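Chain by chain, the residues run as shown.
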Amino acid sequence: MDAPTATSADNGTSGENGARGGGGWFTPRKQPAEGRPAPGGTESSARGGAESADDGRIATPSRPVASIRPVGTGAERAAGTPPRGVAVPQTRTAPEARRPPVSAPHETPAPPVVPPYGAGAAYDASSPYGGNDPHHGPPQHDTPSHGGAAPHQSSAPHHPHQAVPSHGADAPHSGPAPDPGGPGSVLFSRVSDQKASPDAILIRRTMEEIAPVADKVTSYFYALLFVRHPDLRSLFPAAMDTQRDRLLKALLTAAEHMDNTPVLVDYLEHLGRGHRKYGTQPAHYPAVGEALIGALTRYATTTWNEETEAAWVRTYTTISQIMIDSAAENERHAPAWWHAEVVSHDLRTPDIAVVTVRPDQPYPFLAGQYTSLETPWWPRIWRHYSFAGAPRSDGLLSFHVKAVPAGWVSNALVHHARPGDVLRLGPPAGSMVVDHTTDNGMLCLGGGTGIAPIKALVEDVAEHGERRPVEVFYGARSDHDLYDIDTMLRLQQSHPWLQVRPIVDGRTQLPDAVLEYGPWNEYDAFLSGPVGMIRSGVDTLRGVGIPSERIRHDSLEELVAAAD
Ligand SMILES: NC(=O)C1=CN([C@@H]2O[C@H](COP(=O)(O)OP(=O)(O)OC[C@H]3O[C@@H](n4cnc5c(N)ncnc54)[C@H](O)[C@@H]3O)[C@@H](O)[C@H]2O)C=CC1
C-alpha cells in the first residue's frame, strides 16, 4: 500500500476499550451472532498482539484505539443516501434500498476483486514497485515543478519488487511483504470457502458484489474520507489517480485473506511499518474504517446486512490494530524515514542514471532489498528502487534509475537531481536476498535496470567469502543498454566463482539464453527486471528443473501495477 491509511506511534494505546468483543473500533448496529467468535478476543501476543485464534483466524490484538461510528446516519446508510458533501459517482443509478440478508454462504470460491497487494507491494506495494515509473504522468519533456500543481494523471509505482518468500533471511526493519502472485509463492493463497471462517465468507461475498463497481467504490471511499476528514488529504499525493487505489486495494485484499493468518500478519506488519513515512497515526485508522464501511454499505447493496457489517468491522479492526502495533514497535528502533543527500549523479545513458545518496543516519538493509524513495519535486509520491549494491562501510546507497516516458519520479531523478538535493527514503523491504546457510549455486537473471539488485547479491556473496558458483545473465535490448556491463565484468575478473554473460536481444533473448548453459537444477534462481521477463523466466527455470520455491523475484503485482 503506497498510500497512507494511518498508523504509527503508540498513541493509540490509551485505555479505551475499543476492541472488545467483535466490535473493534466500530459500533456495529448489532453484535455478532452468538457462537461466532470474534477474531481473537482480547489477548495480545508477543508479535504485536496478533496471532491465530483456535479457529485459525487472526486474534484481535488488545491494544484498543478509539471507538468510531459508521459514516453517515443509520437512515442515510439504509437508504443509500450519501452523507452531506459526498458526491456519488454519476455513472451509477442510485443504489437500491438494502435488500434482505443473504442466505447461507455458497461454497464457490470467488476470484479476488483486486489483485493482492504485493507488497506487494509495496505495495508496498506495493509496488511499488516498469520502467521505473508511471506510464501516465506528464509528458517526458515536462519539468516537474517543485511541489507544484497537481499532475493530471496518475503515477504507478516504480518497480515492483517483492521477492518470493526467502529462505529464512530477515530484513533489518521490515519483514517480507507478500508476493501473492509470485510463482511458487503460497502467500495469500486463498483458503477454500469450505475452510473459511464465517467472517471470511461474508467478506468474500461483499467483494464479489463490488467487483464490477470497484472504481466507484474507490471514488466514494476517498470522497467520504476527505469530506469527513479533510486533514487527512495532506497525507496523500496531490495526484491520487493510482495512488488512491492502493490503499483501498490493500485493505480489501487483506480483508479477503484474513484466514491466511501468518502470511497476512507479516503483510500487515510490513504495511504498518511502511506507513510511518506517510505520517499516519493510530487515530487515522478509524476514519479510514468509517469510509470503508460507508463505501461498502453503499455499493454492496445486495449482500450487505448487519451481520456482514459486523464481519467487516471485526476484520478491519484486526487489520488496523496489527498495523498500528507493528508501527509502534518499529518506532522504537527505526526512523519513519531517512533523509538522503545526493552525493553523485552518473548519467550512464541519455535515460539511465546511477544516483548515489548519503542517508542522514545509518540505513541497515540487506543486499537484494529495495526502498521507497520520494523526491523533493513530487512530494508524497514514492517509488521503489533496489539498492544497487551490498551495504557499504561508508553508508552510501546507490540506485539505478531509468527515466521512462511520463515517469515523474524517474525523470526527476535522471534529469533534475544533482548532488546536494535531498531525497527521502522509506524503510528497506523485500526478501530477494542471499541465503547464506546454503552453498547452492546462484543463477541470476537481470534485465535492464533489474541488474541493480543482482549486482548487490553478487557483492554480498563476495563479502561473505563464499565459493559458490554465481552465474549472471544480464539482458538488454542493445549493447548500448548494457550500461553497467563494465562493473559486472570487473566483478567477474575479481571473483573466479562469478560468470557474467551479457545477453543482447537478437538470436536469443534473456530467459531462453539460460537454456544454452546449465544444468541448473542445483541452483537457486533470482530474477529481476520487467514483468514479462520474470514471467517467462520463471517458466523457463521451472522447465530446467528449478523448483518454484527456489526461484525468487520481484512482485508481479507491483510490476503489473507499475505498468498501469
Ligand atoms: N531500477 C531498479 O532498481 C530495478 C528495476 N526493476 C525493473 O526492471 C525493469 C527494467 O526495465 P528496462 O531497463 O526498460 O528493461 P528492458 O525493457 O530494456 O528489458 C531488459 C531485458 O529484459 C528482456 N525482456 C523484456 N521484456 C521481456 C519479455 N516479455 N520476455 C522476455 N524477456 C523480456 C529484454 O529482452 C532485455 O533483455 C523495469 O520494469 C523495472 O521496474 C527491477 C528491479 C530493480
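About the cut-offs
- Residues numbered from 1 in each chain as written.
- Predicted model: local features only at pLDDT ≥ 70, side-chain atom pairs only at ≥ 80, totals over all residues.
- Heavy atoms only, no water.
- Pairing = 2+ DSSP bridges.
- Helix = DSSP H or I, 4+ residues; strand = E, 2+ residues; numbered from the N terminus.
- Phe/Tyr/Trp six-rings, centres within 6.5 Å; stacked < 30°, edge-to-face > 60°.
- Lys NZ or Arg CZ within 6 Å of the ring centre and 35° of its normal.
- Buried < 20%, exposed > 50% of the residue type's maximum accessible area, 1.4 Å probe, protein only.
- Contact = heavy atoms within 4.5 Å.
- Axes fitted to C-alpha atoms, helices over the stretch in contact; angles between N-to-C directions.
- Parallel < 35°, antiparallel > 145°, perpendicular 65-115°, else oblique.
- Nonpolar A, V, L, I, M, F, W, Y, C, P; charged D, E, K, R; others polar.
- UniProt positions renumbered as here; feature names shortened; annotations may be inferred.
- Domains from an automatic or database assignment.
- Buried area = accessible area lost by both parts, 1.4 Å probe.
- Salt bridge = Lys/Arg side-chain N within 4 Å of Asp/Glu carboxyl O.
- Polar contact = N/O pair within 3.5 Å; in protein donor to acceptor, adjacent residues only side chain to side chain.

J.: Requested: an account of the pairing of strand β1 (residues 338-349), with residues and values cited.
T.: Consecutive residues of a regular strand have side chains that alternate between opposite faces of the sheet. Sheet analysis places β1 next to strand β6 (residues 422-425), joined by four bridges and oriented antiparallel. Counterpart to A340 in the pairing with β6 is L423. Sheet topology places β1 next to strand β2 (residues 352-359); eight bridges connect them, and they run antiparallel. The residue bridging D346 from the neighbouring strand is V354, located in β2. Hairpin connection of β1 to β2: two residues between the antiparallel strands.

J.: Run through the packing of aromatic side chains, naming residues and quoting values.
T.: Summed over all chains, the structure comprises 16 aromatic pairs. Through a chain of ring-to-ring contacts, the aromatic side chains of W338, Y363, F365, F387 and F399 assemble into a single cluster. In this structure, R501 is placed above the aromatic ring of Y517, and the distance from its NZ or CZ to the ring centre is 3.8 Å.

J.: With reference to specific residues and values, describe unusual backbone geometry.
T.: A cis geometry characterises the amide bond from G518 onward to P519, with omega recorded as 0°. Among the secondary structure elements, P519 is positioned in the loop between α11 (510-513) and β10 (523-528). The backbone of R380 shows a phi angle near 65°, a positive value even though the residue is not glycine. Of note, R380 is situated in the loop between β3 (370-374) and β4 (382-386). Even without being glycine, A406 reaches a positive phi, approximately 65°. One can find A406 in the loop between β5 (397-402) and α8 (408-415). Its relative accessible area of 11% is what places A406 among the buried residues.

J.: Give me the environment of P419: which residues, what numbers.
T.: Along the chain, P419 falls in the loop between α8 and β6. Separated by 75 residues in sequence, P419 and S344 place their C-alpha atoms 5.5 Å apart. For P419, the contacting residues outside a window of four places in its chain are V342, V343, S344 and H345.

J.: Tell me about the packing of helix α2 (residues 198-210) against helix α7 (residues 306-331), and name the residues and values.
T.: Where α2 meets α7, the axes come as close as 9 Å, and the angle between the chain directions of the two elements is 105°. It follows that α2 is roughly perpendicular to α7 by the angle criterion. For the pair α2 and α7, contact is made by D199, L202, I203, T206 and M207 and by E307, T308, A311, W312, R314 and T315, respectively. Of the residues assigned to the contact of α2 with α7, the class counts are five nonpolar, three polar and three charged.

J.: Pulling in residues and values, what's your account of the UniProt feature "domain: FAD-binding FR-type" (unreviewed entry) in the protein?
T.: Summarizing the sequence annotation, UniProt attributes the feature "domain: FAD-binding FR-type" (unreviewed entry) to residues 335-435 in the numbering used throughout. In this annotation, residues 335-435 is assigned 8% helix and 40% strand; the end-to-end C-alpha distance for the span is 27 Å.

J.: Lay out the domain arrangement of the protein with the relevant residues and their values.
T.: Per the domain assignment, the segments of the protein are domain 1 (1-116 + 188-334) and domain 2 (338-425). At the junction of the two partners, domain 1 supplies 10 residues and domain 2 supplies eight residues. Between domain 1 and domain 2, roughly 740 Å² of surface is buried when both sides are summed, and carbon and sulfur atoms account for 51% of that area. On inspection of domain 1 and its partner domain 2, the count reaches zero salt bridges. Our count for the domain 1 to domain 2 interface comes out at three residue pairs in polar contact (both at pLDDT 80 or more). Its residues assigned to classes, the side of domain 1 that touches domain 2 comprises six nonpolar, two polar and two charged.

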